[in-house]
Amino acid sequence: MYDRDAILAATDLAALADELLGPHVGSDSHPMWCCPSPNHAQTGRTPPVSVFTSRWDEQRWHCHGCGDGGSAIDLVMRSRSVDARTAIEYLVGRAGISSYPSDPNEARSSRIDGTHRSGERKLQLASDHAADLDLYVEACAGELWSTAGRPARRWLMEHRGLSEGVLRVNRVGADLGNPNLPRPPGFRRSGGAAILPVQQDGRAVYFQARILHPNPDRPRYLNPTADLAPNPKVSVIKPPERLHPETIITEGAVDALSAASAGFRAAAVLSAGYPDRYVALQLARLDGPLVLAMDADAAGVRGSAQLAEHLEALQRPPDILPLDGGDLNEALQHAIDWPQELADRIAAISPVPAAHQQLGVER
Ligand SMILES: [Zn+2]
């Protein structure tokens, strides 16, 4: 057991970043680093990561390109591809801290004199943010079907081939820079993005802003910072009417919406570079057979194999839908009758056990 706050207090994040990400670029007062996220391909000349002190007096890093960021522990995890325990042990060794707690009374008094209260404050702020975020997603969902939302509608429906029913039931929205949209604090005006929410129990808990026409060297997605809303890593996407027992697992929200357009429930993994046990646990809870439909590129194949291994360990071995090049959305765009084609392709790899047919799910 180690005291997380003590470890972070003993770590100078800028010095750690210099060690893990290479020497910084820019002045010592405004140092910048390359992004450690495996999902963020960087070509720009200015590295996108900076370090700041959060409102809870914790040093944090943030990538201005992809929105990734977090504490020193997250930086070790991301840059060294290790789990939280290993990252903490690394920082403990580096700072020369002894293990915790040494004295239970000391632990109790620290809870009374501040740690506990600051925990409450964090909880309060988090719930304010959750309300802001749900309000923003609701406003964007309205905006999509307004006159002003037409560019986002065209992108989603004409270019991506997604059905209106799927967009509505998943509260997909548009942010085209309307100054009256109630943007959550810290989330900048995007001016030309489709808003893809992650919903849990009917509330939006996270979203991704898919820039409609990004510059080639800029990221395609803007994500909220971890302070605003933690990335839930899995987004369950509903079809307007569920016609099949399988859940299609995809690399991103657009592919998941594509599967839902064919009447399948889908789950988008929002961190394809490293689908971990936490991702697998969330997926394993979903009923019915699981089918992996990750991209055909090297990263997708690797992510798919990792995820299959985690799911097998949880007694939920998935079927794998092979995509001959490209992704699920491209398959939709090339299909003549997408619901029929996807149903046929899934039926060919995933024989449905009798138990699932009794759930009243028709094929
Ligand atoms: Zn990044």
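Because the structure is a prediction, the values reported are computed rather than measured. (Residues numbered from 1 in each chain as written. Predicted model: local features only at pLDDT ≥ 70, side-chain atom pairs only at ≥ 80, totals over all residues. Heavy atoms only, no water.)

**Some words on helix α2 (residues 13-21)**
Every α-helical turn comprises 3.6 residues, leaving residues that sit three or four positions apart pointing alike. Heads up, the condition is: Working definition: with a 1.4 Å probe on protein chains only, accessible area under 20% of the residue-type maximum means buried, over 50% means exposed, and in between means partly exposed. Helix and strand definitions here come from DSSP, where helices need a minimum of 4 consecutive H or I residues and strands a minimum of 2 consecutive E residues; each element is numbered from the N-terminal end. When we speak of the arc, we mean the arc of directions from the helix axis to the C-beta atoms. In protein, a polar contact requires one atom able to donate a hydrogen and another able to accept it; more generally it is a pair of N or O atoms within 3.5 Å, and residues adjacent in sequence count only if both atoms are side-chain atoms.
All of the buried residues along α2 are Leu13, Leu16, Ala17 and Leu20. Each buried residue of α2 sits inside an arc of 100 degrees when the element is viewed along its axis, so together they form one side. N-capping of α2 is provided by aspartate 12, with a side-chain oxygen placed 3.2 Å from the backbone N of alanine 14.

**Observations regarding the sheet that holds strand β5 (residues 193-200)**
Just so we agree on the cut-off: We call two strands paired when DSSP finds no fewer than two bridges between them.
Spatial strand order, β4-β5-β6-β7: four strands in an open sheet with antiparallel pairing. In this open sheet, the two edge strands, each paired with only one partner strand, are β4 (173-175) and β7 (221-222). In the sheet, β4 pairs with β5 via three bridges, with the strands oriented antiparallel. Each residue of the ladder has a partner; that of alanine 174, found in β5, is alanine 194.

**Brief notes about the coordination of the zinc ion**
Six octahedral donors around a metal ideally make angles of 90 or 180 degrees; four tetrahedral donors ideally make 109.5 degrees. Threshold: Counted as donors are N, O and S atoms no farther than 2.8 Å from the metal, or 3.2 Å for Na, K and Ca; water is not among the atoms, and sites may therefore look incomplete. In short, tetrahedral needs four donors with all angles between 85 and 135 degrees, square planar needs four and octahedral six donors with opposite donors over 155 degrees apart and all other angles between 65 and 115, and whatever is left is irregular.
Surrounding the zinc ion are the protein donor atoms Cys35 (SG), His40 (ND1), Cys63 (SG) and Cys66 (SG), which sit 1.9 to 2.3 Å from the metal. Here the zinc ion is ringed by four donor atoms whose angles at the metal span 104 to 115 degrees, and the overall shape comes out tetrahedral. Sequence positions of the residues that donate to the zinc ion give the spacing C-x4-H-x22-C-x2-C. Neither residue differs from the other here; cysteine 63 and cysteine 66 are each classed as buried.

**Overview of the sheet that holds strand β9 (residues 247-250)**
Stated precisely, the cut-off is as follows: A contact between two residues is defined here by any heavy atoms of the two lying within 4.5 Å. To define axes, lines are fitted to C-alpha atoms, for helices over the stretch in contact only, and angles between the resulting N-to-C directions are given on a 0 to 180 degree scale.
Strand order in the open sheet formed by five strands is β8-β10-β9-β11-β12, with mixed pairing between adjacent strands. Both outer strands of the open sheet, β8 (234-237) and β12 (319-320), are each paired with one neighbouring strand and no more. Relative to strand β10 (residues 265-269), β8 runs antiparallel, the two being bridged by four bridges. Along β10, the bridge assignment pairs valine 236 with alanine 267. Taken strand by strand, helix α10 (residues 298-313) contacts β9, β10, β11 (290-292) and β12, and its axis lies near 160 degrees from that of β11.

**Quick word on the packing of α2 against helix α3 (residues 72-80)**
Under the convention used in this document: Our angle categories are set so that under 35 degrees counts as roughly parallel, over 145 as roughly antiparallel, 65 to 115 as roughly perpendicular, and the remainder as oblique. Lys, Arg, Asp and Glu make up the charged group, whereas Ala, Val, Leu, Ile, Met, Phe, Trp, Tyr, Cys and Pro make up the nonpolar group; the residues left over, Gly among them, are polar.
As a packed pair, α2 and α3 sit with axes 11 Å apart at the nearest point and diverge in direction by 5 degrees. Viewed along their axes, α2 and α3 adopt a mutual orientation that is roughly parallel. Together, Leu13, Leu16, Ala17, Glu19, Leu20 and Leu21 of α2 and Ala72, Leu75, Val76, Ser79 and Arg80 of α3 make up the contact between the two elements. Tallied by class, residues from the contact of α2 with α3 come to eight nonpolar, one polar and two charged.

**Notes on the packing of aromatic side chains**
Condition: Here is the rule: rings of Phe, Tyr and Trp (six-membered ring for Trp) pair when centre to centre is within 6.5 Å. Planes less than 30 degrees apart are stacked, more than 60 are edge-to-face, and the remainder are tilted. A ring is considered to have a charge above it if a Lys NZ or an Arg CZ atom is located within 6 Å of its centre and within 35 degrees of its normal.
Using the criterion set out here, one finds one aromatic pair in the structure. Consider the rings of tyrosine 136 and phenylalanine 207, whose centres lie 5.1 Å apart with planes at 50 degrees: the pair is tilted. Here tyrosine 136 is found in helix α5 (residues 104-144), whereas its partner phenylalanine 207 is found in strand β6 (residues 203-211), with 71 residues between them in sequence. Like phenylalanine 207, tyrosine 136 is buried. One Lys or Arg, arginine 168, reaches over the ring of tryptophan 145 and ends 4.2 Å from the middle of that ring. Over the aromatic face of tyrosine 221 sits the side chain of arginine 210, whose NZ or CZ is 5.7 Å from the ring centroid.

**A short note on the confidence of the model for the protein**
Applicable threshold: Per residue, pLDDT captures the predictor's confidence, and it can take any value from 0 to 100.
Model confidence for the protein is summarised by a mean pLDDT of 83, while 85% of its residues fall at 70 or above. Under a pLDDT of 50 for its full length, residues 99-122 has, in the predicted model, 17 contacts with residues more than four places off or in other chains. In this model residues 354-363 is a low-confidence stretch, pLDDT under 50, and it forms 16 contacts with partners more than four residues away in sequence or in other chains.

**Some details on the environment of leucine 16**
Of note, leucine 16 is situated in helix α2. Each C-alpha atom of the pair leucine 16 and leucine 75 lies 8.6 Å from the other, and the pair is 59 residues apart in sequence. Discounting chain neighbours no more than four positions away, the residues touching leucine 16 are Thr11, Ala72, Leu75, Val76, Tyr90, Leu91 and Arg94.

**Re the pattern of salt bridges**
Put simply, the test is: Salt bridge, as used here: a side-chain nitrogen of Lys or Arg that lies within 4 Å of a carboxyl oxygen of Asp or Glu.
Under the defined criterion, the tally for this structure stands at eleven salt bridges. Here glutamate 138 and arginine 171 are joined by a salt bridge, their closest N and O atoms 2.4 Å apart. Linking glutamate 138 in helix α5 with arginine 171 in the loop between α7 (164-169) and β4, this pair joins segments that are 33 residues apart in sequence. Looking at arginine 171, the relative accessible area reads 14%, which means it is buried. Several salt bridges converge on common partners, so that one network encompasses Asp134, Glu138 and Arg171.

**Side note on the environment of proline 48**
Note that proline 48 resides in the loop between α2 and β1 (49-53). As for proline 48 and glycine 65, which are separated by 17 residues in sequence, their C-alpha atoms are 5.8 Å apart. Proline 48 has contacts with Met32, Trp33, Cys34, Cys35, His40, Gln42, His62, Cys63, His64 and Gly65, leaving out every residue within four places of it along the chain.

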